[in-house]
Amino acid sequence: MQHIRPNAHKQVVTTPARSATDAEILGRSRVDATAFGELFDRHAVAVHRFLARRVDPRVADDLLSEVFLRALEGRIRVQPHESGSALPWLYGIARNVVRGHLRSRDRPVVDTEDEHVDWDAVDERLDADALAPDLRRAMSTLTTLEREVLLLVSWEQLSIGEAATVLGITTTAARSRLHRARARAAVALAAMPNEPHFQETP
């Protein structure tokens, strides 16, 4: 006669180990700098994409190293975004690195607090080549902060709060600029004959 052990039919289920949050990794890196490598592994691709959308991809390779070197140096002082993600902080550093790069090139650049965008790099990355010139003209009607918050939300898929952190403004200000950016871009594109219109999302 076969004996069946109680609960033998039940499978042992193991709970997978929880991944450390960016905030936890940053906390460890303050004591052990090698832990910072986990943030690089987790976010290097996204930061490189952020850079390559604004400068030549070959330049982005070099700037990526500078971004993470600055981040490594600043890890002691940084307070992670309430979302728990380190990306807003890293994008903020990348934004400053891009500004420094564009100002150092052999052409005059107006020294303002606004973000500079390498429009040649933007044009090369638009999926709809025929729309690129009109989209560029529509984007040029925006203020630089309006344009940047639109790119952060649309390209980088950041929340309004995270985009605000990157730009060093309040969430309310970022939301207002995003609304104005979408509205003004829509008006500019609508004024261009025989072209698709930029649709504002709810």
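Residues numbered from 1 in each chain as written. Predicted model: local features only at pLDDT ≥ 70, side-chain atom pairs only at ≥ 80, totals over all residues. Heavy atoms only, no water.

Side note on the nonpolar core
And then number 1: Counting residues in hydrophobic clusters, the biggest one holds 45 residues, and the most contacted among them are V47, L51, V67, F68, W89 and Y91.
And then number 2: Among the elements of the structure, α1 (22-29), α2 (37-52), α3 (57-74), α4 (87-104), α7 (144-154), α8 (160-167) and α9 (171-190) are those that each provide at least two residues to this core.
And then number 3: Sorting elements by how many residues they give to this core places α4 first, with nine residues.
And then number 4: Setting aside chain neighbours within four positions, we find F68 in contact with F36, L39, F40, H43, A44, V47 and L90. (Core = buried A, V, L, I, M, F, W, Y, C linked by side-chain atoms within 4.5 Å. Buried < 20%, exposed > 50% of the residue type's maximum accessible area, 1.4 Å probe, protein only. Helix = DSSP H or I, 4+ residues; strand = E, 2+ residues; numbered from the N terminus. Contact = heavy atoms within 4.5 Å.)

As for the pattern of salt bridges
And then number 1: Scanning all chains against the criterion turns up nine salt bridges.
And then number 2: Here E38 makes a salt bridge to R28, at a shortest N to O gap of 2.3 Å. A residue pair is termed long-range when its members are at least 10 positions apart, and E38 in helix α2 and R28 in helix α1 qualify at 10 residues.
And then number 3: For E38, a relative accessible area of 34% translates into the label partly exposed.
And then number 4: Of the residues examined, R28 reaches a relative accessible area of 37% and is grouped as partly exposed.
And then number 5: Close ionic contact of R58 with D56 constitutes a salt bridge, the shortest N to O distance being 3.1 Å. (Salt bridge = Lys/Arg side-chain N within 4 Å of Asp/Glu carboxyl O.)

Considering unusual backbone geometry
With glycine set apart, most residues show a phi of negative sign, and most peptide bonds adopt trans.
And then number 1: A positive phi is found at Q157, a non-glycine position, where the angle reads about 60°.
And then number 2: Its place among the elements puts Q157 in the loop between α7 and α8.

Some words on the environment of T21
And then number 1: Topologically, T21 is positioned in the segment before α1.
And then number 2: Overall, the relative accessible area of 32% leaves T21 in the partly exposed class.

What to know about the packing of α2 against α3
And then number 1: Taken N-terminus to C-terminus, the directions of α2 and α3 make an angle of 135°; their axes are 9 Å apart at the nearest point. The pairing of α2 with α3 is recorded here as oblique in orientation. Where α2 crosses over α3, the two elements pack in a sense that is right-handed. Contacts from L39, F40, H43, A44, V47, H48, L51 and A52 of α2 reach α3 at P57, A60, D61, L63, L64, V67 and F68.
And then number 2: Of the residues assigned to the contact of α2 with α3, the class counts are 12 nonpolar, two polar and one charged. (Axes fitted to C-alpha atoms, helices over the stretch in contact; angles between N-to-C directions. Parallel < 35°, antiparallel > 145°, perpendicular 65-115°, else oblique. Left-handed = near helix turned anticlockwise from the far one by under 90°. Nonpolar A, V, L, I, M, F, W, Y, C, P; charged D, E, K, R; others polar.)

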